[in-house]
Every structure is written in structure tokens, then in C-alpha cells.
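Residues per chain, in single letters:
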Amino acid sequence: DRPTFLHLSGFIQRMPPRAFDAQLVSNVMNSFAKAEIRDPRLFDHIAVAVVQLNIPLEAQSVALILNACARLEYVNAALLERVLAAARGLDPGDFGAQHVDNVLNALARLEVADRPMLEHMARVTVELPPSDFDARAVAIVMNAFARLLAPAHPLTMRVFGHLSTKVVPWVALDSPIVVGVILNALAKAEVRDDALLRRLAAALHDKVLHDNVQLEPKNLVHIYHAFATLYVVDRRLIARLDATLVECSHADFEPSEVAVIAWSVGVLQTRNVAVVDWLLEGLDAHLPSLADISMQQA
């Protein structure tokens, strides 16, 4: 509980920097992140130890430290520089897929587009055995590169091409949420990979149309946006998206998400009266809080 964590924090803050090592640093930061307890003074104290003593960090510690910073929205430039330098100094073989997706997910959440680090993570990704990855890891890696680099960036193209041909054919795409994230990454990066799109559409057919798995609101936004951006006109899937959308509450969506769906429906030329009515009601309900860019999309 929180009092216990704060008591522990006080004890740790009394420890001299020389008492810290990589395992203690990463375990403490990870524990506070999992408990969702923000303690900037504690993290500042730990950061001083890591930076001043140049504590050696292995892949697991790098991943846990960055993940903790991202989850607790803790930003310390000196700590970040030290951790990224340590990560760049590790051989690709020192990483596993879980380390890679944790590191890249943290960088994306912190909006840290460190080019040398992304180049290193790209190298690690293509050198890892494809069997190390599952669909979730693929989605996280693709999403990070799509968010942090410009559309159609050569580094993104390299990573996407590798994952599409060497990894995705062998992983189980059994989660519409994961499929939606991959689709959204392709859309953000403006990468049209027809073979990958066919595989993702087939996975959605299996889960959504055949197994009747329900799509969540965020999932709907991702798929609508990707289909519109990449112009994937799969009428059976779009019909299911439409049917699911009109059963949702407008309160389940952010104003910008309603605008994105409205734009997507326009691009895909959906002529479903119920969808149009839902969107008009949603836009009207969110009108006071819609940003200019959202209004332009709508």
C-alpha cells in the first residue's frame, strides 16, 4: 500500500549512491511503477546514483527503468541520456524481444525520438530470432517506429519489412486489438504492405466475423482510420465496424476519435444511414471540445 511504499522510499533516499547497483535501481523503479506511485524525490535520488557512478546497466535494467519512467511520466534528461547510452553499448544478442518492446514502448510514450537509439533497436529487431516475437511485441515495435519517425522513414521501412516477411507469418494474430494497433502503425507510417494487409484482414475475418469477437471503441478507431488511410475497402468488415459503432455510446470516444471516424467513413464512402446519424449526434455532442484539426477531419 502507499504508506508502505513511502516508508520504503524514505529508507532508500537515505542510502548513499555507492549502495546502488543495476538490480536495485531497476527493481525499485519497477515496483513503484507497478504500484502507480509517483515519487519524484526518490527517482531523483536514484537518478543521481545512476549518473554519478555510471552504474553498468544490462538490457533488463534498461527496459525496466525506461518503462518505469514512461508509466509514471518521470522525465530526467541526465538519467535518460545515461540509460540510452548504456543500451546503445549493448550487443544485439544481449536483448530479447520483451526488452525491445518495453524499450520502444517507453520511448514512444515519452516521445523520445533518439535516432542512434532507434537505429540500434532496429538492428536488434532484425537480428533477433523471429520466434522470440509474439503478435503483441510486433504491434508495440511497429507502433513505436510509426510514432517516433516521419512517415515512410527508411528505418521504419526496414523494420516493418522485416517483421512483415520474417515474423508476422509465424505469429498468431488472435487479438483484434493487436491487429488494430498494427493496422494503425501502418497508417501512421504511411506504409502500404498489401501482403501484410491481407493477413491482417484475414485475421479480423476469423475473429470478428467468424468467432464474433466484439471490437472495443479504441479498436474501432484504429481499424476505421487504417482502412481509410490505406484505402482498404473490405465491405464485410466495414459493415461489421458500422454495426458495432452504432451500438456504442458516444461517451466511449474522445472528440477527436469521433472526428477520425467521420473522416474515415467519408473516405470509405459508407452509405449507412444509421452510421451517419450516429456520427452527426456524436459530433454535435462533442462540438464544444472538438479541436480545430478534428473539425477539419470531420
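Look above for the structure.
Residues numbered from 1 in each chain as written. Predicted model: local features only at pLDDT ≥ 70, side-chain atom pairs only at ≥ 80, totals over all residues. Heavy atoms only, no water.

If you look at soluble globular proteins, the nonpolar side chains tend to sit buried side by side. One finds Phe-145 and Phe-160 to be the most contacted residues of the largest nonpolar core, which totals 115 residues. Residues contacting Phe-145, with those up to four places away along its chain left out, are Leu-104, Leu-118, Met-121, Ala-122, Leu-155, Thr-156, Val-159 and Phe-160. (Core = buried A, V, L, I, M, F, W, Y, C linked by side-chain atoms within 4.5 Å. Buried < 20%, exposed > 50% of the residue type's maximum accessible area, 1.4 Å probe, protein only. Contact = heavy atoms within 4.5 Å.)

Relative to the helices and strands, Thr-156 resides in helix H9 (residues 154-167). For Thr-156, a relative accessible area of 1% puts it in the buried group. Thr-156 has contacts with Phe-145, Leu-149 and Ala-189, leaving out every residue within four places of it along the chain. (Helix = DSSP H or I, 4+ residues; strand = E, 2+ residues; numbered from the N terminus.)

Next up on the list: helix H1 (residues 2-13). Taking 1.5 Å as the rise per residue, H1 with 12 residues should run 16 Å; its terminal C-alpha atoms sit 16 Å apart, in good agreement. Along H1, the residues classified as buried are Phe-5, Ser-9 and Ile-12. Looking down the long axis of H1, one finds its buried residues gathered within 65 degrees of arc, a one-sided arrangement. Residues of H1 that are exposed and angled more than 90 degrees away from the buried face: Pro-3 and His-7. Buried positions along H1 lie against helix H2 (22-34) and helix H3 (40-53). (Expected span 1.5 Å × (residues − 1). Arc of directions from axis to C-beta.)

In the structure shown here, the tally under the stated rule is 8 salt bridges. The salt bridge partner of Asp-114 is Arg-88, with a shortest N-O separation of 3.3 Å. Of the two residues, Asp-114 is situated in the loop between helix H6 (97-110) and helix H7 (115-127) and Arg-88 in helix H5 (residues 77-88); the sequence distance between them amounts to 26 residues. On the basis of relative accessible area, Arg-88 is assigned to the partly exposed category, the value being 32%. (Salt bridge = Lys/Arg side-chain N within 4 Å of Asp/Glu carboxyl O.)

Glancing now at helix H13 (residues 235-245). The set of residues buried in H13 consists of Leu-237, Ile-238, Leu-241, Asp-242, Thr-244 and Leu-245. The buried side chains of H13 occupy one side of the element, clustering within an arc of 165 degrees when seen end-on.

What follows concerns a positive patch on the surface. The grouping of Lys-34, Arg-71, Arg-109, Arg-147 and Lys-188 at the surface amounts to a positive patch. Within the secondary structure, Lys-188 is located in helix H10 (residues 176-189). (Patch = residues over 30% accessible without salt bridge, like charges linked within 9 Å, V, L, I, M, F, W, Y side chains within 5 Å. Areas by Shrake-Rupley, 256 points an atom, 1.4 Å probe, with all protein chains shown as cover. Lys, Arg positive; Asp, Glu negative; His and termini not counted. Charge placed at Lys NZ, Arg CZ, Asp CG, Glu CD.)

Below, the discussion takes up the packing of H1 against H3. At a minimum axis distance of 10 Å, the contact between H1 and H3 shows a crossing angle of 30 degrees. The pairing of H1 with H3 is recorded here as roughly parallel in orientation. With respect to the hand of their crossing, H1 and H3 are arranged in left-handed fashion. Judged by residue contacts, Ser-9, Ile-12 and Gln-13 of H1 engage Arg-41, Leu-42 and His-45 from H3. Its residues placed into classes, the contact of H1 with H3 shows 2 nonpolar, 3 polar and 1 charged. (Axes fitted to C-alpha atoms, helices over the stretch in contact; angles between N-to-C directions. Parallel < 35°, antiparallel > 145°, perpendicular 65-115°, else oblique. Left-handed = near helix turned anticlockwise from the far one by under 90°. Nonpolar A, V, L, I, M, F, W, Y, C, P; charged D, E, K, R; others polar.)

Our focus in this paragraph is unusual backbone geometry. Trans peptide bonds make up most of the peptide bonds, and negative phi angles are found at most residues other than glycine. Residue Glu-73 is not a glycine yet carries a positive backbone phi of 55 degrees. Relative to the elements of secondary structure, Glu-73 occurs in the loop between helix H4 (59-71) and H5. For Glu-73, a relative accessible area of 63% translates into the label exposed. We note that Gln-269 has phi near 55 degrees; this positive angle belongs to a residue other than glycine. As for its placement among the helices and strands, Gln-269 is situated in the loop between helix H14 (255-268) and helix H15 (273-286).

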